[in-house]
Amino acid sequence: MKKILFTLLLAAATAPAFAANHEIKMLDNGKDGSMVFEPGFLKAQPGDTVTFVPVHKGHWVQSKAVPAGAKEFLSKENEKFTVKLDKEGVYVYTCPPHRMMNMSGIIQVGKAVNKAKAQAAADEMDKRAMQNKGRLKKYMQAVK
Ligand SMILES: [Cu+2]
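From a predicted model like this one, the values you see are computed outputs, not experimental measurements.

What counts as what
Residues numbered from 1 in each chain as written. Predicted model: local features only at pLDDT ≥ 70, side-chain atom pairs only at ≥ 80, totals over all residues. Heavy atoms only, no water. Helix = DSSP H or I, 4+ residues; strand = E, 2+ residues; numbered from the N terminus. Buried < 20%, exposed > 50% of the residue type's maximum accessible area, 1.4 Å probe, protein only. Contact = heavy atoms within 4.5 Å. Core = buried A, V, L, I, M, F, W, Y, C linked by side-chain atoms within 4.5 Å. Salt bridge = Lys/Arg side-chain N within 4 Å of Asp/Glu carboxyl O.

Engineer: Hey, could you run me through the overall build of the protein in this one?
Structural biologist: Helices and strands together make up the secondary structure of the protein, namely 3 helices and 8 strands. Within the protein, buried positions represent 41% of all 144 residues. The contacts of the protein with a sequence gap of at least 6 include a subset with a gap of at least 24, amounting to 65%.

Engineer: When you look at the nonpolar core in this model, what are you seeing that I'm missing?
Structural biologist: General note: in soluble globular proteins, nonpolar side chains tend to be found buried as a group. By size, the foremost hydrophobic cluster in this structure holds 21 residues, and its most contacted members are F37, F52 and I107. Contributing elements (two or more residues each) for this core: β1 (21-30), β2 (33-38), β3 (41-44), β4 (48-54), β6 (81-85), β7 (89-94) and β8 (104-109). For this core, the leading source of residues is β6, giving 3 residues. If near-sequence neighbours (up to four positions away) are discounted, F52 is found in contact with I24, M26, F37, V61, F73, E79, K80, F81, V83, Y93 and I107. Grouped together as the second largest cluster of nonpolar side chains are 14 residues, V36, L136, Y139 and V143 included.

Engineer: Looking at this model, I keep getting lost on the pattern of salt bridges. Mind explaining?
Structural biologist: Pairing between side chains of opposite charge can happen when their charged atoms approach one another. What the rule picks out here adds up to 4 salt bridges. K138 is the partner of D32 in a salt bridge, and the nearest nitrogen-oxygen pair spans 3.4 Å. Remark: K138 occurs in helix α3 (residues 135-141) and D32 occurs in the loop between β1 and β2; sequence separation between them is 106 residues. Residue D32 is classed as partly exposed on the basis of its relative accessible area, which comes to 27%. For K138, a relative accessible area of 47% puts it in the partly exposed group. Between E124 and K127 there is a salt bridge, and its shortest N-O distance comes to 3.7 Å. With E124 and K127 both in helix α2 (residues 115-128), this residue pair falls 3 residues apart, about one helical turn. Judged by relative accessible area, which is 32%, E124 ranks as partly exposed. By relative accessible area, which is 59% here, K127 ends up exposed. Beyond isolated ion pairs, a larger network of salt bridges with shared partners links E124, K127 and R128.

In structure tokens, the structure reads:
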């Protein structure tokens with residue numbers, strides 16, 4: 001009995017943590033305003049996947065800043081899109097047709113190893129936006 005228990009504990013200790021799948025909705029209107037990703041800030045762990053869900057039409061997603069060694073991503077209009085996030089760091093992304101409305105978001109995967117670069121990209125996007133200014137600044141404040 002003791003041996004079985006020990007084996008079970010050992011198996012639990014060495015098993016890799018389950019990767020999670022997160023969903024980010026693409027919306028015409030959400031709790032952070034018009035033309036928005038929800039949640040706009042997401043905390044994930046390396047190996048997790050994120051699925052962008054086109055709840056409303058006319059949206060897609062493109063990465064604007066990713067950690068060193070991570071792949072850039074670009075989805076198709078009105079299509080569900082899943083990206084696996086293996087590299088730690090901060091990912092800044094946007095919806096190309098609604099960039100001027102600051103339809104953009106932030107994903108932090110593990111440690112924010114590239115925080116300064118991500119902050120610079122977010123600041124630039126906030127500056128260029130005509131509507132929903134400051135949205136990315138707020139999301140970046142959640143990056144720890
Ligand atoms: Cu959009």
